[in-house]
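# Coordinates in review
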Amino acid sequence: MLIELNGLTKRYGPVTAVEDLTFSPAPGRVTGFVGANGAGKSTTMRMLLGLTRPDSGTATIDGKAYAELQNPLWSIGAMVDSNAFHPKRSGRNALRVIGRIADVPDHRVDHVLALVGLTDAAGRRVGGYSMGMRQRLALAAALLGDPGTIVLDEPANGLDPHGVHWLRGLIRKLASEGRTVFVSSHLLAELSQTIDDVVIIADGRLVTHEPMAGLLERTNGASLEEIFLDLTRTTGAASSHYDLEELT
Amino acid sequence: MRSLIYAELLKIRTTRMLAVTIGVVLVIAGALPVAYGAAAGSGDQPPLAPESLADMVTAPAWLAGGAVLIIGLLASAGEYRHRTIYTTRLAEPRPLRVLAAKLAAITVIGLAVGVAVDIVAAGAGGAVLAHHGLAIDPFSHGVPRLALVIPLVLVLHGILGVAIGAVLRSTTAAVGATLIWAFVVEGIIPALTNNPDLVNWLPRGALREVLSTQPTPGQLAPLAAAALLLGYAAALVATSAVLDRRREL
């Protein structure tokens, strides 16, 4: 599946959240999406998923806007908010509801619950889940339709070290099966171990989009964190978000 | 579309809201005719008579209507409160289809609750009449019409609830606005406009006429009142549909 973002722009009043953003995560690879808080990552992902309307530009999946996809969960699975579950509903029922909309059979619900390690907790109410368990449930929801493209917004949030290790393995496995994985994260050290390509944005604008291997080679093996800080410092974009002196 | 309707029914079924609400409504639907029978003949209450069955069947309709309205309201506004609207929209990105599925689901629930209320209230009313040695005739005194009308009225309440919740996107605002409308605005408008008859054209007045066993002179005929209620529901649904298309999450 081919994701294409072309000239994507979104403004909220006087604030430009995303400006003329154009890139395309490569199919069958893991693309990391990196930017400071407020850089426009979540807004970009929400526009791709049809949850937010762009002011201009397009975001398409195989040439179609998200809203034009027939049964979108079979094409693209997304994790945008791990709290998007009714606290009184059990984990299994939360997924059954989503699965029913997408014509996904109940045995697939049990399969993805097992995949994210929530089988034992499936009958418990989501309100009693830890943050990490809700992240896993949101990930299970993204995988429900066995999609060829997976979009994950900060999937490692709330996961303990074992969880982060497990997530890295899962993302690599999904990519090895030929799926396109587009993942945003603040955990740059972790992300650098997982991704094939990186997209860095600052103040809603594209800073770079290139393979990790080439980027590391070009920067003499600097870490992704150092590269990110350097590139966003150059654009002046990160100065309002971070005290760079403190970080470097 | 059928999958979407099943999903909406599953959403409502998989929290305790539906079971608790229906349980309370049915208990009260059974208790009200008993209370009606106990109060009959005392003070200015008319004595029990075979035609009292119609009043006893009608008695729980207002409460049941309110309960179905709340279920509808939570079914739509609750999606925003618990942010489940994100997973819903990711699975079905066309908001009008989601709204239509919610309306269909609440129609099913309204009809089911209405029939259950009919059965419980008529059963309890019949038992009260029998206890007092009075004849039970469920096929006269307007009882069959009421038994048909009450489920439809409950459906209308549910539709109003879904539409109000979809417009306001907040359970607190939706419940508050509904209560203020029902108990404040409808009381104030006729006084403010110095036109007491205006109340007949407001939802509660129309509802009262739809549920009345005998038409009141000078007020809307039951069919006209039903058409008016449908108009209110259609206007709210159209508003929520237009807003749903325009607004972002």
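The structure we're discussing is the one just above.
Residues numbered from 1 in each chain as written. Chains lettered and ligands numbered in written order. Predicted model: local features only at pLDDT ≥ 70, side-chain atom pairs only at ≥ 80, totals over all residues.

### Describing the overall build of chain B
This is how the line gets drawn: The numbering of helices and of strands both runs from the N terminus, where a helix is a DSSP run of H or I of at least 4 residues and a strand a run of E of at least 2. Radius of gyration means the value over C-alpha atoms here, while the globule rule gives 2.2 Å times the residue count to the 0.38 power. The contact criterion used is a C-beta to C-beta distance within 7 Å, with each C-beta placed from the backbone.
From N to C terminus, chain B includes ten helices and zero strands. For chain B, the sequential pattern of α-helices and β-strands runs α-α-α-α-α-α-α-α-α-α. For a compact globule of 249 residues, the expected C-alpha radius of gyration is about 18 Å, and chain B comes in at 19 Å, within 12% of that figure. Along the first, second and third principal axes, the C-alpha set of chain B runs to 60 × 45 × 25 Å. Partitioning the contacts of chain B with sequence separation of at least 6, the portion at a separation of at least 24 is 80%.

### What about the overall build of chain A?
Our working definition: Exposure is read from a count of other C-beta atoms within 10 Å of each residue's own; the residue is exposed at 12 or fewer, buried at 20 or more and partly exposed in between. C-beta atoms are placed from the backbone.
What chain A contains, in helices and strands, is nine helices and nine strands. The C-alpha radius of gyration computed for chain A amounts to 18 Å, which stays within 12% of the reference 18 Å derived for 248 residues, consistent with globular compactness. Viewed in the frame of its principal axes, chain A has a C-alpha envelope of about 50 × 40 × 35 Å. Going through the 248 residues of chain A one by one, you find that 50% of them count as buried.

### Topic: the sheet that holds strand 2 (residues 15–23) of chain A
All names here are of chain A. Which entries qualify depends on this criterion: One bridge is not enough; two strands pair if DSSP finds at least two bridges between them. Between the N-to-C directions of two axes lies an angle of 0 to 180 degrees, each axis being a line fitted to C-alpha atoms and, for a helix, fitted only over the stretch in contact.
The three strands lie next to each other as 2-1-4, forming an open sheet whose pairing is antiparallel. Here the strands that pair on one side only, and so sit at the sheet edges, are strand 2 and strand 4 (56–61). For this sheet, the mean inter-axis angle between neighbouring strands, taken without regard to orientation, is 25°. As paired strands, strand 1 (residues 3–12) and strand 4 are joined by five bridges and run antiparallel to one another. Across the sheet, E4 pairs through a bridge with T60, a residue of strand 4. Against the sheet, helix 1 (residues 41–48) engages strand 1, strand 2 and strand 4, with an angle of about 120° to strand 1.

### Topic: the nonpolar core
Spelled out, the test is: Any set of buried Ala, Val, Leu, Ile, Met, Phe, Trp, Tyr and Cys residues joined through C-beta atoms within 7 Å is what this text calls a nonpolar core.
Formed by 145 residues in total, the largest nonpolar core has its most connected members in A:L137, A:A140, A:L144 and B:A121. Among the elements that make up this core, the one with the highest residue count is helix 7 (residues 143–168) of chain B (17 residues). In this structure, B:A121 is in contact with B:A29, B:L32, B:P33, B:M56, B:V57, B:A59 and B:P60, ignoring residues within four places of it in sequence.

### What to know about the interface of chain B and chain A
For clarity, the cut-off: Each residue is assigned to one of three groups, with Ala, Val, Leu, Ile, Met, Phe, Trp, Tyr, Cys and Pro labelled nonpolar, Asp, Glu, Lys and Arg labelled charged, and all others, Gly among them, labelled polar.
Each side of the interface is counted separately: chain B has 23 residues, and chain A has 28 residues. Among the elements of the structure, helix 1 (2–13) and helix 5 (84–91) of chain B are those that each provide at least two residues to the side of chain B that touches chain A. Considering every element that reaches the side of chain B that touches chain A, the biggest residue donor is helix 5 of chain B, with seven residues. Its residues assigned to classes, the side of chain B that touches chain A shows nine nonpolar, seven polar and seven charged.

### Re the sheet that holds strand 6 (residues 149–153) of chain A
All names here are of chain A. In spatial order, the strands read 5-6-7-3-8-9; together these six strands make up an open sheet with mixed pairing. This sheet does not close on itself; its edge strands, each paired only once, are strand 5 (76–79) and strand 9 (205–211). Neighbouring strand axes in the sheet, compared pairwise and without regard to direction, differ in orientation by 15° on average. Pairing of strand 3 (residues 30–34) with strand 7 (residues 180–184), which is carried by four bridges, proceeds in the parallel orientation. Counterpart to V30 in the pairing with strand 7 is V181. Helix-sheet contacts for helix 1 involve strand 3, strand 6, strand 7 and strand 8 (197–202), and the interaxial angle to strand 6 is about 145°.

### A short note on unusual backbone geometry
Residue and element names in this part refer to chain A. Residues other than glycine seldom take positive phi values, yet N71 does so here, at roughly 50°. Relative to the assigned elements, N71 resides in the loop between strand 4 and strand 5. N71 gets classed as partly exposed once you count the C-beta atoms within 10 Å, which come to 14. One non-glycine residue with positive phi stands out, namely D103, at about 60°. Within the element layout of this structure, D103 appears in the loop between helix 2 (91–101) and helix 3 (106–115). Judged by C-beta crowding, with 16 C-beta atoms within 10 Å, D103 ranks as partly exposed.

### Side note on the environment of B:L9
Residue and element names in this part refer to chain B. Residue position: L9 is located in helix 1. Residue classification places L9 among the buried positions, given that 21 C-beta atoms sit within 10 Å. Separated by 203 residues in sequence, L9 and S212 have C-alpha atoms that sit 31 Å apart. With residues near it in sequence (within four places) discarded, L9 still touches A105 and V108.

### Focus on helix 3 of chain A
Residue and element names in this part refer to chain A. The line we're drawing: What the arc describes is the spread of directions from the helix axis to the C-beta atoms.
Within helix 3, the full set of buried residues consists of V109, V112 and L113. All buried residues of helix 3 lie within an arc of 105° about the axis, which places them on one face of the element. Structurally, helix 3 contributes buried residues whose contacts are with helix 2 and helix 4 (131–143). Where helix 3 ends, the next residue or the one after it, G117, has phi of about 75°, a positive value.

### Quick look at the packing of helix 9 (residues 203–210) of chain B against helix 10 (residues 222–246) of chain B
Residue and element names in this part refer to chain B. Applied cut-off: Oblique is the label for any angle not under 35 degrees, not over 145, and not in the 65 to 115 range, which are roughly parallel, roughly antiparallel and roughly perpendicular in turn. Each crossing gets its handedness from the near helix: less than a right angle anticlockwise from the far helix is left-handed, clockwise is right-handed.
Axis separation between helix 9 and helix 10 bottoms out at 8 Å; the angle between their running directions is 140°. Here helix 9 lies oblique to helix 10, going by the angle between them. Considering the relative orientation of helix 9 and helix 10, their crossing is left-handed. Of helix 10, the residues touching helix 9 (which contributes P203, A206, L207, E209 and V210) are P222, A225, A226, L228, L229 and Y232. The class makeup of the residues in the contact of helix 9 with helix 10 is ten nonpolar, no polar and one charged.

By themselves, these observations are geometric and do not establish any function.
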